[in-house]
Amino acid sequence: MSEMRKTPLLDDLEKGPWPSFVTEMKKAAAKSEMSNDLLGALEQCYKDKKTHWKHGGIVGVRGYGGGVIGRYSDIPEQFPGVAHFHTVRVNQPSAWFYKTDSLREICGIWDKYGSGLTNFHGSTGDMILLGTKTENLETIFAELSSRGWDLGGSGSALRTPSCCVGPARCEWSNIDTLDITYSLTEEFQDEMHRPAFPYKYKFKVSGCAVDCVAAIARADCAIIGTWKGDIKIDQAEVQRYAKNGMDINAEIVNMCPTKCITYNGKELKIENEDCSRCMHCITKMTKALRPGGERGATILIGSHAPFVKGAQLSQVIVPFMKMEPPYTEIKELTRKIWEWWDEYGKNRERIGELIERKGMRDFLEYIGVDPHPAMIKEPRRDPFYFWTTDELK
Amino acid sequence: MEKEEIKQKIYGLVEKSVGKKKLKSSDIQKTISAEAGIARDEVKDALRELIDEGKLIYTYFGGSFVEIPPKQ
């Protein structure tokens, strides 16, 4: 091992009470030349106030167009250990449930063939294994796949679907988020590993409107659990909340976005027809309120982070869809959406941007979904209503 | 049309575009299916074989493309 790199600028990032990635990198650098050079390269980036990484290129494993993100240093002579520093994305288990055995397995492979540094997890949800050389990629893939792991999505492809913990640990989940995620991952293997889209496409599945994985803001297609029917009320429990000091009018009634709740000091009433199923009241009074009736999901489309045209939130396209195996309805709808995107999408145009450019009307007509008052672009906006010339005659 | 013939057409298209335009998988599927009058799924299958054989590779330059691998 060569001498530890001096990092006066990075050392500043170790100050303060919170954990520091620099400290973790230093631990890895004590036993890995690659991590030691990574520290040096990062220090150089801070010193020069510019990145020294080049991104992309032709790295990958045979047959796959995603899962490996090529990264190279533009100063390899100074930091030979990170001349190649490719990232490997590994498809995480649904809702990130691991056994310690499986984590040891992944880390063992990575200590042997990579820098030993990981990021659990990337924003799409995959396990991110940071830094390896081109010649190790096929071996890493073989080691992972022989143990039942697979690479995740990257590039212009379906990204690894992800979900909240769902019914595994949450009593409020209206759908089996884990099974839906697994089923979508299995169904769309080709779309994930063989990039053929104009740009990325993400599925995220949340069990209820609390939306713990922020599907509505981050997924091109958000599947969010909901219900059809009246909220069940246990009036005795409502009274208990009041007795224990909850200001029901301030915390529940006045916070309801559709003002569909009333409370007269004795009884809580909900106008279920006006309820938007936001979950606020249910999560505040968990013992008194719970969803009732049929369970399913709302399907939303189009959110993404700022890129070509700035950030967008998802819009509802199907207010209620039954979500039962084998989830044929969502899979068929997805294929129609992709057909339209493939036909009209420009390079690097997300589905939400295309809907913005071509119009929701064209989109809904193509995918065969009727306009519905629940289809609003953003809160407190008019719904979409479309009449064709023929319908007006 | 035989699969080998489709594969040749795909390879020819990618070869012709070298240095001019990077082709996406969907560009190839659209062009070949229109030219040969065959379903896109057939083109997709043939392209998959070319990739699996290592005759073509995926690359990433701000988007995913299909290209001929560099000579070693």
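All of the points below concern the structure found in this document. Only a predicted model underlies this, so the values are computations on that prediction, with no experimental measurement involved. (Residues numbered from 1 in each chain as written. Chains lettered and ligands numbered in written order. Predicted model: local features only at pLDDT ≥ 70, side-chain atom pairs only at ≥ 80, totals over all residues. Heavy atoms only, no water.)

Here we look at empty space enclosed by the protein
To find the voids left in a structure, one rolls a probe of water-molecule size over its atoms. Residues and elements named next belong to chain A. What the rule picks out here adds up to one cavity of 30 Å³ or more. The space that makes up the largest cavity amounts to roughly 110 Å³. Cys256, Ile261, Cys275, Cys278 and Cys281 are the residues nearest the centre of the largest cavity, which is lined by 17 residues in total. Here the lining of the largest cavity is built from residues that sort into 13 nonpolar, three polar and one charged. (1 Å grid on protein atoms, 1.4 Å probe; cavity = no way out; pocket = protein on both sides within 12 Å on 5 of 7 lines; lining within 4 Å. Points joined across faces, edges and corners; volume = space filled by probe spheres on them. Nonpolar A, V, L, I, M, F, W, Y, C, P; charged D, E, K, R; others polar.)

Things to note about the interface of chain B and chain A
With 22 residues of chain B at the contact, the number on the chain A side is 22 residues. For the pair chain B and chain A, the summed buried surface comes to about 1,700 Å²; carbon and sulfur atoms form 47% of the total. Applying the counting rule to chain B against chain A returns four salt bridges. Applying the counting rule to chain B against chain A returns ten residue pairs in polar contact (both at pLDDT 80 or more). The element best represented in the side of chain B that touches chain A is helix H3 (residues 40-52) of chain B, accounting for five residues. (Contact = heavy atoms within 4.5 Å. Buried area = accessible area lost by both parts, 1.4 Å probe. Salt bridge = Lys/Arg side-chain N within 4 Å of Asp/Glu carboxyl O. Polar contact = N/O pair within 3.5 Å; in protein donor to acceptor, adjacent residues only side chain to side chain. Helix = DSSP H or I, 4+ residues; strand = E, 2+ residues; numbered from the N terminus.)

Quick notes on the packing of aromatic side chains
All names here are of chain A. If you walk through the whole model with that rule in mind, you get 14 aromatic pairs over all chains. Ring plane angle 45 degrees and centroid distance 5.1 Å describe the contact between phenylalanine 197 and tryptophan 341, whose orientation is recorded as tilted. With phenylalanine 197 in the loop between helix H7 (189-193) and strand E8 (203-206) and tryptophan 341 in helix H12 (residues 328-344), this residue pair connects regions lying 144 residues apart in the sequence. As far as the burial class goes, phenylalanine 197 and tryptophan 341 line up, both buried. The interplanar angle of 55 degrees and the centroid separation of 6.4 Å between the aromatic rings of phenylalanine 203 and tryptophan 338 together place this pair among those described as tilted. You can see phenylalanine 203 sitting in strand E8 and its partner tryptophan 338 sitting in helix H12, a full 135 residues away along the chain. On the accessibility criterion, phenylalanine 203 (0% relative accessible area) is buried. Given a relative accessible area of 7%, tryptophan 338 falls into the buried group. Put simply, the rings of Phe188, Phe197, Tyr201, Phe203, Trp338 and Trp341 touch in pairs and so form one group of aromatic residues. Its end group placed over the ring of tyrosine 366, lysine 336 keeps NZ or CZ at 5.0 Å from the ring centre. (Phe/Tyr/Trp six-rings, centres within 6.5 Å; stacked < 30°, edge-to-face > 60°. Buried < 20%, exposed > 50% of the residue type's maximum accessible area, 1.4 Å probe, protein only. Lys NZ or Arg CZ within 6 Å of the ring centre and 35° of its normal.)

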